[in-house]
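Next come the chains, spelled out residue by residue.
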Amino acid sequence: STGTTSTGIPAPVDYEADFSGPIGLFECKAFTPIARLTNVTMSAWVYVNTQRSTDQFLVYNGVAGTNGYGLVIVGGTPRIGIVYVRYNVTASSFEVPLRTWLFVSAVSPSLNRWDIYVNAVLVDSISTNGPSIIPGNRFFVAGSGQAANQRLDGRIDEVQVWDGARSAEQLASDGQPSTLSGFEPGLQLYLPFAEGTGPNTTGAGATASRGVFTVSGNVVWRPRSFTGFTVVTSSTGTSSTGTTSTGTTGTTSTGTSSTGTSSTGSTSTGTTSTGSTGTCSTGSSSTGTSSTGTSSTGSTSTGSTGTTSTGTSSTGISSTDTESTGTSST
């Protein structure tokens, strides 16, 4: 929310760029944050409004139609994908929930391979067909500069380009809003969209001196409507991930569950095994199963508790969309 503190000092406001419609994109000419085809990471917080028949470009490193590659929402069933030279799109298996904030990352550890992460959790690894042409001379946000119908119908924030293939642990840190300074080692471009007004936004990072982006079309600046995601540990020690965001629509949640199974502990006279319950942060839970121990004839004894193996949880993604304006106290 936005407003003032109890001391009368304006509370700091972080912003997001809203291109709903779609109405525009950001472009930086004569600038490429990283001129390489592999060992690179692209990330952004994204909020997709609608399913469309055409691709929706999130970021594009290079001149679309000539060189480079980008991160897109594939047309039709909205899936995260990679596009090379605009015309060669490879979709991942991850279907994007609409009107939900997600921290999306594409990590290229080797040529023509991209690992797709959502909220710092690996959801798919894809192989692209190229052609592979080193990017140069442009960088786009929320579009490609080629076709107006391939712009993002939604919102975007915290755009990042890294030199190197970021790990899941690093992505979990990168995705926390407003935690980057812009001077982290390997950070080539960082767009926090802190301006909140006007047609331009300025990047930070290793190439910040060239990172002034100008809007083509229009942009609506909005106070940031998400708070980040959390990575927690379930009862088996595996990580589950959820997001919490605030926006303008109702609650949307997606997630999947898996079933844990229990192993049987034994004694000389009987067995007793109790399943445990796996938990995850917001999306879904996994539940173990249990069996009942038995006793031998002529005596009664209690079986010892068996060890359990607990189901692991998959990525749960939930979004509570509420937007408020008011005052905060410190």
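What you are looking at is a predicted structure, and each value in this text was computed from that prediction instead of being measured.

Trainee: What's the story with unusual backbone geometry in this structure? I'm lost.
Mentor: Most of the time, phi is negative for any residue but glycine, and the peptide bond is trans. Here the amide bond leading from Gly-21 into Pro-22 is cis, since omega sits at -10 degrees, within 30 degrees of zero. Assignment of secondary structure puts Pro-22 in the loop between strand S1 (15-18) and strand S2 (24-29). A positive phi is found at Asn-112, a non-glycine position, where the angle reads about 65 degrees. Mapping Asn-112 onto the fold places it in the loop between strand S8 (101-110) and strand S9 (113-118). We classify Asn-112 as partly exposed; its relative accessible area is 22%. For Asn-137, which is not glycine, the phi dihedral falls at a positive 75 degrees. Positionally, Asn-137 belongs in the loop between strand S10 (121-127) and strand S11 (138-141).

Trainee: Explain the side chain of Asp-115 here, please?
Mentor: By the secondary structure assignment, Asp-115 is in strand S9. Within the structure, Asp-115 has its side chain in polar contact with the side chain of Ser-125 (distance 2.7 Å). Those residues in contact with Asp-115 that lie beyond four places of it in its chain are Ser-105, Ala-106, Val-107, Pro-109, Leu-122, Asp-124 and Ser-125.

Trainee: So what exactly am I meant to see when it comes to the confidence of the model for the protein chain here?
Mentor: It should be kept in mind that the predicted coordinates are not to be read in detail where pLDDT is low. Taken as a whole, the protein chain shows an average pLDDT of 73; of its residues, 64% reach a score of 70 or greater. Of all helices and strands in the protein chain, the one with the weakest mean pLDDT is strand S20 (residues 277-278) (35), whereas strand S3 (residues 40-48) scores best (98). Predicted confidence is poor over residues 1-8, with pLDDT under 50, and the contacts of this stretch with residues over four places away or in other chains come to 22 contacts. Confidence drops under pLDDT 50 across residues 244-330; counting only partners more than four residues distant or on other chains, this segment forms 203 contacts.

Trainee: Mind showing me how you'd approach the pairing of strand S4 (residues 56-61) here?
Mentor: For S4, the buried fraction is high: six of the six residues fall into the buried class. Bridge count for S4 against strand S5 (residues 69-74) is five bridges, and the pairing is antiparallel. Pairing of Val-59 across the sheet is with Leu-71, part of S5. As defined by bridge partners, S4 adjoins S11 across three bridges and the pair is classed as antiparallel. In the sheet register, Asn-61 faces S11, and the bridge partner there is Phe-139.

Reading guide: rules and limits
- Residues numbered from 1 in each chain as written.
- Predicted model: local features only at pLDDT ≥ 70, side-chain atom pairs only at ≥ 80, totals over all residues.
- Heavy atoms only, no water.
- Helix = DSSP H or I, 4+ residues; strand = E, 2+ residues; numbered from the N terminus.
- Buried < 20%, exposed > 50% of the residue type's maximum accessible area, 1.4 Å probe, protein only.
- Polar contact = N/O pair within 3.5 Å; in protein donor to acceptor, adjacent residues only side chain to side chain.
- Contact = heavy atoms within 4.5 Å.
- pLDDT = per-residue confidence, 0-100.
- Pairing = 2+ DSSP bridges.

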